[in-house]
Amino acid sequence: MKATVIAPTNIAIIKYWGKNPTFENIHVPNKSSLSFTVQKLTTTTTVEAERGEFEIEFTLNGKKITAEMKEAKYVFKFLNNIKKFYPFLNNYKIKVVSENNFPTAAGYASSASGFAAFARALVEAVPEFEDIRNDDKKVSILARLGSGSATRSVPSKGGLVLWKRGVDPETSYLYDEKEASERSYAYTLIEPEKLQDLSIIYTKVNEGAKKIKSRAGMKSTVQTNPVYWNWIRYEEAHLLKETIDALQNNEREKLLNNIMKASNGLHSMCLYTQPSITYLNDTSKLIMHSIEEYNNDEVKAAYTFDAGPNAVIFTYKEYEKEVKDLLLNILEDEQKILSTSVGEGPRKTDNHLF
Ligand code: DP6
């Protein structure tokens, strides 16, 4: 059987950073996170499954992934995780071709849309997955087994998505691995139609020093940052709820301020890691400060940064032009600025990649 799925990436406004040490292998997070589904940045993945001894062949953006390449580690881990819960996968030869549709200007490689598309196409291609095919919750759990942030790219409705941590790290001992896994999934809180006044602007900021992958970075933070658990408790108990309320009540200023606060929280946790992790560079900081200056009289935009120097800016459609001009002043190249909207979740297509 062959199936192709197009899945969007997502941008977190309340960040995921750190796995529950008891369930690290299956990417159960220490706290819940919140993201917008991003309309224009997608991955298309075709999966073909044939009965036979387990085997995987994987091509990413036209490049065959061989066992010694770093991408292979992620893919093998994903499939081994799935086999623990769905052993029938051992009876399949799997061929996967995956392509990111990110305009090069955006400069965003993302495991989120990649593993979401992979998980969705896999459940379509393997007959034994029939029962969970239309179950967003179960498929989001499956995508989580590949990469945490991919969980949030699975819900079909897209929009504003909440990924529940499912397990309070203080009471992890209550659950076995299967139970913990089933508790941590994503779902849509607000549909994209209701979020069309928002504009999401991706920027491409040049990379400086070699970056630490988020998987290794968050592990180091959990292990060495002395205030990490305070941050987790604060965000889980306060910032998450306040941000959801702000969105539901259309409190723009509160929303934008919380987005910046959450991003700064993540990056201060990185700085307090030993050895410290710095993802932001001078251009990132210039963007931060110019957004803060722009907000002087009225808060009209917010920045957020993931594990890299590229800023993602949130604003409202009526200010989009002003904000883009401000970014152009700093980046001096229109190709480095891409604006998009909140979008829907993954969809199937008959346009197979092979
Ligand atoms: C900073 O999902 O890439 O983007 O689960 O180890 O694959 P793994 O990590 P990943 O981490 C994303 C971290 C982040 C914040 C976020 O998207 O919430």
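The structure we're discussing is the one just above.
All of these numbers come straight from a predicted model, not from anything done at the bench. Here, residues in each chain are numbered from 1, in the same order as that chain's written sequence. It should be noted that, the model being predicted, local features are given only for residues of pLDDT at least 70 and side-chain atom pairs only at 80 or more, the latter also being counted only at that level, while totals for whole chains, interfaces and linings use all residues. No hydrogens and no water enter the side-chain calculation; it runs on all heavy atoms of the structure.

## Overview of the packing of helix α2 (residues 111–125) against helix α3 (residues 136–144)
Heads up, the rule is: To get an axis, fit a line to the C-alpha atoms, keeping to the stretch in contact for a helix; angles then go from 0 to 180 degrees between the N-to-C directions. Runs of H or I in DSSP of at least four residues are treated as helices and runs of E of at least two as strands, each being numbered from the N terminus. Angle categories are assigned with fixed cut-offs, so that under 35 degrees is roughly parallel, over 145 is roughly antiparallel, 65 to 115 is roughly perpendicular, and the rest are oblique. A crossing counts as left-handed when the near helix is turned anticlockwise from the far one by less than a right angle, and as right-handed when that turn is clockwise. Residues are treated as being in contact if the distance between any of their heavy atoms lies within 4.5 Å.
It is the contact of α2 with α3, at a shortest axis distance of 9 Å, that shows an interaxial angle of 125°. Between α2 and α3, the interaxial angle falls into the category oblique. When you trace α2 past α3, the crossing you get is right-handed. Every residue of α3 that contacts α2 at Phe115, Ala116, Ala119, Arg120 and Val123 is listed here: Asp136, Val139, Leu142 and Ala143.

## Looking at the site of the ligand
Stated precisely, the cut-off is as follows: The cutoff for a nearby residue is simple: one of its non-hydrogen atoms must lie within 4 Å of the molecule or strand. Within 3.5 Å is the distance limit for a polar contact, defined as a pair of N or O atoms, with the added protein rule that one can donate a hydrogen and the other accept it, and that residues adjacent in sequence qualify only through two side-chain atoms. All amino acids are sorted into three groups, where Ala, Val, Leu, Ile, Met, Phe, Trp, Tyr, Cys and Pro are nonpolar, Asp, Glu, Lys and Arg are charged, and the leftover types, Gly among them, are polar.
Neighbouring residues of the ligand: 15 residues in total, closest Tyr16, Lys19, Ser147, Gly148 and Ser149. At 2.6 Å from an oxygen atom of the ligand is found a side-chain nitrogen or oxygen belonging to serine 147. Measuring from an oxygen atom of the ligand, one finds a side-chain N or O atom of arginine 152 at 2.8 Å. The biggest single contributor to the shell around the ligand is helix α5 (residues 214–224), with three residues. Residue composition of the shell around the ligand, by class: five nonpolar, five polar and five charged.

## Quick word on helix α7 (residues 252–271)
So the rule is basically this: Expected span of a helix: the number of residues minus one, times 1.5 Å. Relative accessibility decides the category of a residue: with a 1.4 Å probe and only protein chains considered, values under 20% of the type maximum give buried, values over 50% give exposed, and everything between is partly exposed.
End to end, α7 covers 29 Å across 20 residues, agreeing with the expected 28 Å (1.5 Å per residue, within 8%). Every buried residue belonging to α7 is among Leu255, Leu256, Asn258, Ile259, Met260, Ala262, Ser263, Gly265, Leu266, His267, Met269 and Cys270, and all of these are buried.

## Concerning the sheet that holds strand β11 (residues 337–340)
Put simply, the test is: Any two strands with at least two DSSP bridges between them are considered paired.
Taking strand neighbours across the sheet as the criterion, the four strands line up as β9-β10-β8-β11 in an open arrangement whose pairing is antiparallel. Edge positions in the sheet fall to β9 (301–305) and β11, since each has one partner strand and no second. Between one strand axis and the next, the sheet turns through 25° on average, direction left out of account. Pairing analysis gives five bridges linking strand β8 (residues 198–203) to strand β10 (residues 311–316), with the strands arranged antiparallel. By the bridge assignment, serine 199 is partnered in β10 with threonine 315. Helix-sheet contacts for helix α9 (residues 320–331) involve β8, β9, β10 and β11, and the interaxial angle to β8 is about 10°.

## Observations regarding the pairing of β10
Judged by how many residues are buried, β10 sits mostly within the fold: six of six residues are covered. As defined by bridge partners, β9 adjoins β10 across five bridges and the pair is classed as antiparallel. Looking at β10, one finds that tyrosine 303 is bridged to isoleucine 313. Between β9 and β10, which pair antiparallel and follow one another directly, the connecting turn spans five residues.

## What about a positive patch on the surface?
As a reminder of what qualifies: Patch criteria: residues need more than 30% relative accessible area and no salt bridge. Like-charged residues are merged within 9 Å; nonpolar side chains of Val, Leu, Ile, Met, Phe, Trp and Tyr are merged within 5 Å. Accessible surface is estimated by sampling points in the Shrake-Rupley manner with a 1.4 Å probe; for residues, cover comes only from the protein chains shown. The rule for a salt bridge is simple: a side-chain nitrogen of Lys or Arg has to be within 4 Å of a carboxyl oxygen of Asp or Glu. By the counting scheme adopted, Arg and Lys are positive, Glu and Asp are negative, and His together with the chain ends is not counted. Working definition for charges: the position is that of NZ of Lys, CZ of Arg, CG of Asp or CD of Glu.
On the surface, Lys63, Lys70, Lys211 and Lys213 cluster together to form a positively charged patch. Within the secondary structure, lysine 70 is located in helix α1 (residues 70–85).

## Re the nonpolar core
Defined as follows: Here the nonpolar core consists of buried residues drawn from Ala, Val, Leu, Ile, Met, Phe, Trp, Tyr and Cys, with membership extended through side-chain atoms lying within 4.5 Å.
Of all hydrophobic cores here, the largest spans 50 residues; its most connected members are Ile13, Phe36, Ile200, Ile291, Ile313, Phe314 and Val323. Ala3, Val5, Phe115 and Leu122 belong to the second-largest nonpolar core, a separate cluster that totals 42 residues.

## A look at the packing of aromatic side chains
Centre distance and the angle of the planes are the two values used to describe a pair of aromatic rings. To keep things clear, this is the line we draw: Between the rings of Phe, Tyr and Trp (Trp by its six-membered ring), a pair exists once the centres lie within 6.5 Å; its type follows the angle of the planes, with under 30 degrees stacked, over 60 edge-to-face, and the other angles tilted. As a reminder, the over-ring test applies to NZ of lysine and CZ of arginine, requiring each to be within 6 Å of the ring centre and within 35 degrees of the ring normal.
Under the counting rule described, the total for this entry stands at 14 aromatic pairs. When the ring of phenylalanine 115 is compared with that of phenylalanine 118, the centres are 6.5 Å apart and the planes differ by 10°; the resulting orientation is stacked. Of this pair, phenylalanine 115 and phenylalanine 118 both sit in helix α2, three residues apart, which is roughly one turn of that helix. What makes phenylalanine 115 buried here is its relative accessible area of 8%. Here phenylalanine 118 falls in the buried class, since its relative accessible area comes to 2%. Judged by centre distance (5.9 Å) and plane angle (45°), the ring pair of tyrosine 228 and tryptophan 231 falls under tilted. Of this pair, tyrosine 228 and tryptophan 231 both sit in helix α6 (residues 228–248), three residues apart, roughly one helical turn. The pair formed by tyrosine 228 and tryptophan 231 is uniform in burial state, with each residue classed as buried. Members of the aromatic cluster, joined through ring pairs, are Phe58, Phe78, Phe115 and Phe118. A cation sits over an aromatic face here: arginine 215 above tyrosine 74, 3.9 Å from the ring centre. The side chain of arginine 252 reaches across the aromatic face of tyrosine 316, ending 3.6 Å from its centre.

## Focus on unusual backbone geometry
Cis rather than trans, the peptide bond between glutamine 274 and proline 275 has omega equal to -5°. Turning to its location among the elements, proline 275 is positioned in the loop between α7 and α8 (282–294). Phi is positive for asparagine 61, which is not a glycine, with a value near 50°. Here asparagine 61 lies in the loop between β3 (55–60) and β4 (63–64). For glutamate 332, which is not glycine, the phi dihedral falls at a positive 55°. Tracing the chain through its elements places glutamate 332 in the loop between α9 and β11.

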